[in-house]
Amino acid sequence: ATGGAVSLVLDAPFSRVGTDRRAFLQSYGLPERERDMTAQAIIDVRRAYDILVERDDVDPARLGYVGHSWGASTGSTLAAVDERPAALILIAPRPSWTGFLATSDDGWVAGARALVGAEKFDVYLEVMAPFDAMAIADQLDGERIYLQYGTIDEVVPPDVAQELIEAVPDATLSTYEAEHALDDAATADRAAWLVERLGLGPISPETLATVGLPDE
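Summarised in this report is the structure supplied together with it. (Residues numbered from 1 in each chain as written. Predicted model: local features only at pLDDT ≥ 70, side-chain atom pairs only at ≥ 80, totals over all residues. Heavy atoms only, no water.)

Strand order in the open sheet made by the 4 strands is β1-β2-β3-β4, with parallel pairing throughout. Single-partner strands in this sheet number two, and they are β1 (63–68) and β4 (172–176). Strand-to-strand twist across the sheet, computed as the mean angle between neighbouring axes with direction ignored, equals 10°. Looking at chain direction, β1 and strand β2 (residues 85–91) are connected through 6 bridges and run parallel. The partner of Y65 across the bridge, within β2, is L88. This element, helix α1 (residues 31–53), spans β1 and β2 of the sheet and lies at about 145° to β1. On top of the sheet, helix α6 (residues 158–167) reaches β3 (145–150) and β4; it is set at about 170° to β3, its chief contact. (Pairing = 2+ DSSP bridges. Helix = DSSP H or I, 4+ residues; strand = E, 2+ residues; numbered from the N terminus. Axes fitted to C-alpha atoms, helices over the stretch in contact; angles between N-to-C directions. Contact = heavy atoms within 4.5 Å.)

Attention now goes to the packing of α1 against helix α2 (residues 70–81). Across the interface, α1 lies against α2 with an axial gap of 10 Å and an inter-helix angle of 65°. When the interaxial angle is binned, α1 and α2 end up roughly perpendicular. Two packed elements cross with a definite hand, and for α1 against α2 that hand is right-handed. Across from M37, A41, I42, V45, R46 and Y49 in α1, the residues of α2 making contact are W70, T74, T77, L78 and V81. Residues belonging to the contact of α1 with α2 are distributed by class as follows: 8 nonpolar, 2 polar and 1 charged. (Parallel < 35°, antiparallel > 145°, perpendicular 65-115°, else oblique. Left-handed = near helix turned anticlockwise from the far one by under 90°. Nonpolar A, V, L, I, M, F, W, Y, C, P; charged D, E, K, R; others polar.)

On to the environment of I145. Along the chain, I145 turns up in strand β3. Separated by 70 residues in the primary sequence, I145 and G75 place their C-alpha atoms 9.7 Å from one another. Dropping the residues within four chain positions of it, I145 is found in contact with A79, L88, L90, L140, A171, T172 and W193.

On to the side chain of R190. Mapped onto the secondary structure, R190 falls in helix α7 (residues 184–198). Buried within the structure, R190 lacks any salt-bridge partner; its nearest side chain of opposite charge belongs to D183, at an N-O separation of 7.1 Å. Here the side chain of R190 touches Q148 through a polar contact of 2.7 Å, side chain to side chain. Apart from residues no more than four positions distant in its own chain, R190 is found in contact with V66, I89, I91, Y146, Q148, L182 and P214. (Buried < 20%, exposed > 50% of the residue type's maximum accessible area, 1.4 Å probe, protein only. Lys, Arg positive; Asp, Glu negative; His and termini not counted. Salt bridge = Lys/Arg side-chain N within 4 Å of Asp/Glu carboxyl O. Polar contact = N/O pair within 3.5 Å; in protein donor to acceptor, adjacent residues only side chain to side chain.)

A few words now on the packing of aromatic side chains. Both the distance between ring centres and the angle between the ring planes are used here to describe each pair of aromatic rings. Scanning all chains against the criterion turns up 8 aromatic pairs. Consider the rings of Y28 and F121, whose centres lie 5.4 Å apart with planes at 35°: the pair is tilted. Of this pair, Y28 sits in the segment before α1 while F121 sits in helix α5 (residues 118–128); the two residues are 93 residues apart in sequence, bridging distant segments of the chain. Each member of the pair, Y28 as well as F121, is classed as buried. Through a chain of ring-to-ring contacts, the aromatic side chains of Y28, F121 and Y124 assemble into a single cluster. Note that R94 overlies the ring of F100, its terminal NZ or CZ placed 4.3 Å from the centroid. (Phe/Tyr/Trp six-rings, centres within 6.5 Å; stacked < 30°, edge-to-face > 60°. Lys NZ or Arg CZ within 6 Å of the ring centre and 35° of its normal.)

Here it is, written out as structure tokens:
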């Protein structure tokens, strides 16, 4: 806002309150519900752009997107289906959620597979695979994308992140000696990239100092 941008911040379907809440994240036994919820999140962002471009103070040629973790993965799918955002910042996106589940030896993954049964778990992987960033990487315009990753991120380790980095070689990339939420330097770099790409006014260090990390 201090740089002249108009922002619309959305609650994901699983984090809403009341009757609009769709708490179907990691619905291993009901994958169609999670598929529909994930699709709805992408539709919500596209409808948000519809709202923004109706405003007289918004330039439709200078739309952006910022998402962290799950929101970054959502942003990768958004980038494949909507040409309107000129700048998309994807903070620590997982290249493949279903690939992680299929190969992980984490105890909770094994527990989830045992709970629903191998057959249903494999159906979940099949249903959700189209939302993986790697599944649509060849449709991504790297010129619009800024990837940020942490080198000590235990959620998306560097060797995993490298899959998407190599799949979208034209994307801008920054790495930080930081965990999954990254750090203040990443926040400042995001702001600077948006200022440049969207033609915003300067954002002061004092303003950036008030911005928390995504996981906060």
